[in-house]
Amino acid sequence: MLQIEIDNGSGFCFGVTTAIKKAEEELAQGQTLYCLGDIVHNGMECGRLREMGLITINHDDLRELHDVKVLLRAHGEPPETYELARRNNIEIIDATCPVVLQLQKRIKTQYETGDGQIVIFGKKGHAEVLGLVGQTQSTAIVIESFDEVTTLDFTRDIYLYSQTTKSLDEFHRIIDYIQSHISPEATFKSFDTICRSVANRMPNISQFAAKHDLILFVCGRKSSNGKVLFNECLRVNPNSHLVEDPQEIQPEWLEGIQTVGICGATSTPRWLMEQCRDAILTTINTFNL
């Protein structure tokens, strides 16, 4: 008998849960609500909220709107977005994650008080990173990986921060490299701003992936956090597959399998992982696996 386990540590983080709850509360009142960007990097969940009435817009759309309500998702926004909303008489429903909000404030304070290099370890163009860079009048330097640390000027002061969902191990590698190359006359300070509710999922998901014959990682392909966690599953268990929805599950994956583990990213809703479980059970009955 095939055993299926859904990882209790997977699913929405606090910031995403709060953003979705705020959207649902506004939509329940029957009011028009816009969201600046996908509320979460999961197409299925975005579709569910779209059916409830949520309208997703981009920054160009925002410039044309006046006298409406706009929700800012957990990733956060740069100061220019708030200024535009004020000019256009837009009511902001601010669902920026508290961890991201605190990081924005720290970077802004550093920018206003120092003249060194503000370096952000993060994905270029990611919504959260754009919000962080915006605190520095777009002067912050973004490095996506350890390989890019060599591009920094080690004769000048360096203040290093991280996108909240990046790898803790790689962040520490970057710190070690800078410490060993920084000029004696320059100051280096690092600030561990990685969200622990996300970082702690790495060792947990490793253990989860190791104990099952097959891993289904349920995640939107645009999720940065999802890519990191899926790659960890793949490292521990080569028989891991990333799916966005139950329709992507292939019957041949289940042949000869005794246990299946279903897990996901911080942007993966629990209901979607449950749908994948149900799809597996249907497949087993259909193909007599």
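Everything below is about the structure printed above this text.
For the structure given in this document, a descriptive report is provided here. (Residues numbered from 1 in each chain as written. Predicted model: local features only at pLDDT ≥ 70, side-chain atom pairs only at ≥ 80, totals over all residues. Heavy atoms only, no water.)

Observations concerning the overall build of the protein
Operational definition: A run of H or I in DSSP counts as a helix once it spans at least four residues, and a run of E counts as a strand once it spans at least two, with each numbered from the N terminus. Our radius of gyration is a C-alpha quantity, and the globule rule it is checked against amounts to 2.2 Å times the number of residues to the power 0.38. Under the scheme applied here, a residue whose accessible area is under 20% of the maximum for its type counts as buried, over 50% as exposed, and between as partly exposed, the area being computed with a 1.4 Å probe on protein chains only. In what follows, a contact means two residues having at least one pair of non-hydrogen atoms within 4.5 Å. Calculation of accessible area relied on Shrake-Rupley with a 1.4 Å probe; when residues are assessed, cover is drawn exclusively from the protein chains displayed.
Looking only at helices and strands, one finds eleven helices and twelve strands in the protein. What you see for the protein is a C-alpha radius of gyration of 21 Å, in line with the 19 Å of a compact globule of 289 residues. C-alpha atoms of the protein, sized along the principal axes, occupy 70 × 55 × 25 Å. Looking at the protein residue by residue over its 289 residues, the buried ones come to 53%. Look at the contacts in the protein between residues 6 or more apart in sequence, and 71% of them connect residues 24 or more apart. Accessible surface for the protein amounts to roughly 13800 Å². Of this, 48% is attributable to carbon and sulfur atoms.

Side note on the packing of helix α1 (residues 14-28) against helix α2 (residues 43-52)
To keep things clear, this is the line we draw: All axes here are fitted lines through C-alpha atoms, helices being fitted over the stretch that makes contact, and every angle between N-to-C directions spans 0 to 180 degrees. Convention used here: angles under 35 degrees read as roughly parallel, angles over 145 as roughly antiparallel, angles from 65 to 115 as roughly perpendicular, and any remaining angle as oblique. Put simply, a crossing is left-handed when the front helix is turned counterclockwise from the back one by less than a right angle, and right-handed when it is turned clockwise.
Where α1 contacts α2, the axes come no closer than 10 Å and their chain directions differ by 20°. As summarised for this structure, α1 and α2 are arranged roughly parallel, according to the angle between their axes. You can see that α1 and α2 cross each other, and the crossing is left-handed. Seen from α1, the contacting residues are Ile20, Glu24 and Leu27; seen from α2, they are Glu45, Arg48, Leu49 and Met52.

Here we look at the environment of phenylalanine 287
Looking at the secondary structure, you find phenylalanine 287 in helix α11 (residues 270-287). In this structure phenylalanine 287 comes out as partly exposed when scored by relative accessible area, which is 49%.

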